[in-house]
Amino acid sequence: MIRKLLLMLEIVVVLAGLTLGLVAWQQHRALEQPLTLSEARLIEVPAGATPGGVLNRLEADGVIDGAFWLRLYWRFNLQGQPLHSGEYRLTPDLRVRDMLDLWRRGEVVQYSLTLVEGWTFRQVRAALARQDKLELTLSDLSDAEIMAKLGQPGENPEGRFFPDTYRYVRGMSDLDLLKQAHKRLQVVLDEEWEKRADALPYKDPYEALIMASMIEKETGVPEERGEIAGVFVRRLATGMRLQTDPTVIFGLGERYQGRITRAHLREPTPYNTYTIDGMPPTPIALVGREAIHAALHPVDGKTLYFVARGDGSHVFSETLDEHNRAVREYQLKRRADYRSSPAPIPQTSEKDTQ
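Here the structure is a predicted model, which means the values were calculated and not measured.

A.B. asks: Now, about the overall build of the protein chain: what can you tell me, with residues and values included?
C.D. replies: Scanning the protein chain from N- to C-terminus turns up 13 helices and six strands. Burial statistics for the protein chain: of 354 residues in total, 46% are counted as buried. Of the contacts made within the protein chain by residues no fewer than 6 positions apart, 67% connect residues no fewer than 24 positions apart.

Next comes the structure, spelled out in structure tokens:
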């Protein structure tokens, strides 16, 4: 009886060994097989997908064989390993083992969207709408509804997003990306506000952001940001109007066709700094860290005017006479319709720089 039991045990052990060997061989064979692809291919792994489900799909598509053995391999060797959602790039030179390593490392295909300094929120929305790899959820919403979705009801969206390059994967939404840009702007603004200079004319960081947006739109040469900030701050301190073209353009919205007219300068919009005192009610553009820093560290001096040379740089002047000479030298000789910014509007005659 004991001899029979020992024999049966030996048989079971042998069969178990043979079975394990067969499983190991089948798994090795399945893992080492090359992917059946003639060219690179993206496979999408949706949120909640399981490795087994994706393996079955690939087998049904003829990309792999032995999905059963691969499911067993994942279950016993990678138990608890999450399968990250997104897109994975498969190429003909990969083996199944390589593909599973991509899954294990979560090496999903990344895409990028760059939000540019000086963009308006309308341009941000248009750029998001062009991203066919993003889940587009905001297209039919108003600006106010979008801000409510971001948890900022009542907040104006202009200038509230940081210009940078943002990475995303398939399955993320346009709202996800906007949340990143909104949070990033607040972090940068808070950091710069903490290091601000003394005696600034801003009640809070938001006013500094408004100023930074005008500096962003006026600056062609990065080194001049601080000096342009100084001009604007001194104008505010002396009660002069800022009279900067970008605010006029922003106030015109889609009506702006590439040229500012005398009528535009006199048109009373909430943003036209030729007709309003102080700063506009909101930022007029996306703002980079450098412009924020300049707004919070304006360069000391006496200049109150600046005019473009035509190469992106400006000539700064302390008096209106100096400014008008610079306008004649750098602008009126080249463009009869040019008007520099910022410059005052005489009360008794037409603009001398128009």
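Let us keep going from here.
A.B. asks: If you had to explain unusual backbone geometry to someone new, which residues and values would you point to?
C.D. replies: The phi angle at A199 is positive, at roughly 60°, despite the residue not being glycine. Within the element layout of this structure, A199 appears in the loop between α7 (174–194) and α8 (205–218). Judged by its relative accessible area of 79%, A199 is exposed. Positive phi is not limited to glycine here, since Q243 has a value of about 45°. With respect to the secondary-structure elements, Q243 resides in the loop between α9 (225–238) and α10 (245–252). Residue classification places Q243 among the buried residues on the basis of a relative accessible area of 6%.

A.B. asks: Just give me the short version of the side chain of E87, but keep the residues and values in it.
C.D. replies: Its place among the elements puts E87 in strand β2 (residues 86–90). For E87, a relative accessible area of 4% puts it in the buried group. Within the structure, the side chain of E87 is placed 2.4 Å from the side chain of Y111, a separation counted as a polar contact. A polar contact of 3.3 Å, which involves the side chain of E87, links it to the side chain of R170. Setting aside residues up to four positions removed in sequence, E87 forms contacts with L42, I43, E44, E107, V108, V109, Y111, K133 and R170.

A.B. asks: Which residues make up the packing of α9 against helix α12 (residues 289–296), and what values do they have?
C.D. replies: In the contact formed by α9 and α12, the axes pass within 8 Å of each other and the chain directions differ by 45°. By the criterion of interaxial angle, the relationship of α9 to α12 is oblique. Judged by the sense of rotation from one axis to the other, the crossing of α9 with α12 is right-handed. Taking contact as the criterion, the partners of R225, G226 and A229 in α9 are, on α12, E290, A291, A294 and A295. Of the residues in the contact of α9 with α12, the class split is four nonpolar, one polar and two charged.

A.B. asks: Would you mind going over the pairing of strand β3 (residues 110–114) in detail, with residue names and values included?
C.D. replies: The side-chain alternation of β3 yields one buried face, formed by Y111 and L113, and one unburied face, formed by Q110, S112 and T114. For β3 and strand β4 (residues 165–169), the ladder comprises five bridges, and the chain directions are antiparallel. Looking at β4, one finds that L113 is bridged to Y166.

So, how was this worked out
- Residues numbered from 1 in each chain as written.
- Predicted model: local features only at pLDDT ≥ 70, side-chain atom pairs only at ≥ 80, totals over all residues.
- Heavy atoms only, no water.
- Helix = DSSP H or I, 4+ residues; strand = E, 2+ residues; numbered from the N terminus.
- Buried < 20%, exposed > 50% of the residue type's maximum accessible area, 1.4 Å probe, protein only.
- Contact = heavy atoms within 4.5 Å.
- Polar contact = N/O pair within 3.5 Å; in protein donor to acceptor, adjacent residues only side chain to side chain.
- Axes fitted to C-alpha atoms, helices over the stretch in contact; angles between N-to-C directions.
- Parallel < 35°, antiparallel > 145°, perpendicular 65-115°, else oblique.
- Left-handed = near helix turned anticlockwise from the far one by under 90°.
- Nonpolar A, V, L, I, M, F, W, Y, C, P; charged D, E, K, R; others polar.
- Pairing = 2+ DSSP bridges.

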